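# Descriptive structure summary
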Amino acid sequence: MRSSFNRRRFLQTAALSGAGLWVTPQLRAASSSEGLHTAIGKSKWELDTPALCLDLDKLEHNLKAASIPLRGSGVGLRPHVKTHKCPDLAKMQLAHGAVGVCAAKLSESEVMLENGIDSVLMTGVNVTAPKIRRAMEIRKKHAGFIQAVDNPQNARDLQEAAQAAGIVADVVVDIDVIRRSGVPAGQPALQLAQLVDKSPNLRFRGILAYDGGVQHVKGFEARKTRCLNTFEPVVATYQMMYQAGLNMEIFSGGGTGTYDMMHEIPGFTDVQVGSYLFMDCQYLEIGGAKNPERFDDFEAALTVLTTVINTNHAGRLITDGGAKAFTLNKPSGWVIGEPDFVYNAGSDEYGTITYEESNRGYRVGDPLEVIVPHCDPAVNLYDVIYGIRNDKVEQVLPVLARGMSV
């Protein structure tokens, strides 16, 4: 008996549907924002949940606060859009003095460049032939696109592709700090930079170095000590490159946790802040220069609205916000107004709140507002962000780079 399952047809259909996925996130976000324009002017408490909300007053505070410790230092901000994936928010960052933005992925970079962001530094490397070709196509169209390299073969591949495309591609060398990506500091980094500099179709622009491990070290002094110590080999490498006559116009790195100490790194040009824009539980817990208990340089602007859907057990509430609304479950999300609540987003669709004390009684249908554990992956779950002012929806911000992971 002939099987009704046709493997070839199935694979062809899957391939065709997969090809369409490349543009779907942008189209989905755009269509969602068009359909949700009627939300503008409504109370945020009327939004269907889970809903991702951004307090615009707190956002504006954060945009201004990031540059305060850097004034007069010569160090600027180059925010990382992997946090928000939203060109509208990137434009706000540029309007507040950012020197450009960073992107983690090629697809993120393209979304930003195609939506009015002129200067994008891609911090990841492009090593496969399709990505390299596409990177050169993007560079051909957008002069403000800069990409990273961390090994000699990749530099040679970039040179070959740039030559084939008839362009000169801007490149920075990524220096290894946490044994994740980057070329080792010292001679390997210098030799790679010189290789790029000598390549006729590549333009060496400088270096980047990101110490992700130090960003969440608790205690300002402990974080600062580790940061400065970690960067000593990078600084030595920078000085070697400078003395060799290389163009060192970019020395980029750092993040939200170290934004107010990177100006002490010799030669440093700009900080790749990301989470500062929104804040989350992971960062709020690390403490700052002024407050050792809470990192309150920036305000918690991003929240998820969720709804109580079950109250059948004492000391326990069930909500409609699980892992698909928050992604990470540790640390526990903070329920605004209820410091004793422990929010567990471990289930796919459900959040479980346990508590011994509450500031009020709760019924099915009551809304709750929760600060997310980690903002970057949470944003990637939503088509739009609701911009809130005075508890009313003022803007609907499309997350155009949602799902852009290639």
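Cut-offs applied
Residues numbered from 1 in each chain as written. Predicted model: local features only at pLDDT ≥ 70, side-chain atom pairs only at ≥ 80, totals over all residues. Heavy atoms only, no water. Helix = DSSP H or I, 4+ residues; strand = E, 2+ residues; numbered from the N terminus. Buried < 20%, exposed > 50% of the residue type's maximum accessible area, 1.4 Å probe, protein only. Lys, Arg positive; Asp, Glu negative; His and termini not counted. Salt bridge = Lys/Arg side-chain N within 4 Å of Asp/Glu carboxyl O. Polar contact = N/O pair within 3.5 Å; in protein donor to acceptor, adjacent residues only side chain to side chain. Contact = heavy atoms within 4.5 Å. Core = buried A, V, L, I, M, F, W, Y, C linked by side-chain atoms within 4.5 Å.

## What to know about the side chain of Arg223
Its location among the elements puts Arg223 in helix α9 (residues 220-230). For the buried residue Arg223, which engages in no salt bridge, the nearest side chain bearing the opposite charge is Asp260, 5.6 Å off. A polar side-chain atom of Arg223 sits 2.7 Å from the main-chain carbonyl oxygen of Gly257. Setting aside chain neighbours within four positions, we find Arg223 in contact with Val214, Gln215, Val217, Lys218, Gly257, Thr258, Met261, Ile286, Gly287 and Gly288.

## Here we look at unusual backbone geometry
The omega angle of the peptide bond from Thr49 to Pro50 is 0°, so this bond is cis rather than trans. Inspection of the secondary structure assignment puts Pro50 in the loop between α2 (24-35) and β1 (51-55). Between Lys330 and the following residue, Pro331, the backbone shows a cis peptide bond with an omega angle of -5°. Looking at the secondary structure, you find Pro331 in the loop between α12 (323-326) and β12 (334-335). The phi dihedral of Thr327 is positive, around 65°, even though this residue is not glycine. Relative to the helices and strands, Thr327 is located in the loop between α12 and β12. Residue classification places Thr327 among the partly exposed positions, given a relative accessible area of 25%. The phi torsion at Asp391 lies on the positive side, around 65°, for a residue other than glycine. Looking at where Asp391 falls in the secondary structure, it is placed in the loop between β16 (384-389) and β17 (392-398).

## Description of the nonpolar core
The biggest cluster of nonpolar side chains holds 89 residues, and the ones touching the most others in it are Ile207, Met241 and Ile385. Counting residues per element, this core draws most heavily on helix α8 (residues 187-198), which supplies five residues. With residues near it in sequence (within four places) discarded, Ile207 still touches Val172, Val173, Ile175, Val234, Tyr238, Met241, Met248, Ile250, Phe251 and Ser252. Val81, Met122, Ile138 and Phe145 belong to the second largest nonpolar core, which has 13 residues in total.

## Considerations on the pattern of salt bridges
Counted by the stated rule, this structure contains 17 salt bridges. As a salt-bridge pair, Lys44 and Asp391 come within 3.5 Å of each other at their nearest N and O atoms. Placement of the pair is Lys44 in the loop between α2 and β1 and Asp391 in the loop between β16 and β17, with a sequence separation of 347 residues. Note that Glu114 and Lys141 form a salt bridge whose closest N and O atoms lie 3.0 Å from each other. Placement of Glu114 in helix α5 (residues 106-114) and of Lys141 in helix α6 (residues 129-141) is noted, with a sequence separation of 27 residues between them. For Glu114, a relative accessible area of 40% puts it in the partly exposed group. The structure contains a network of salt bridges with shared partners spanning Asp57, Glu60, Arg389 and Glu394.

Function cannot be inferred from these measures alone, as they are strictly geometric.
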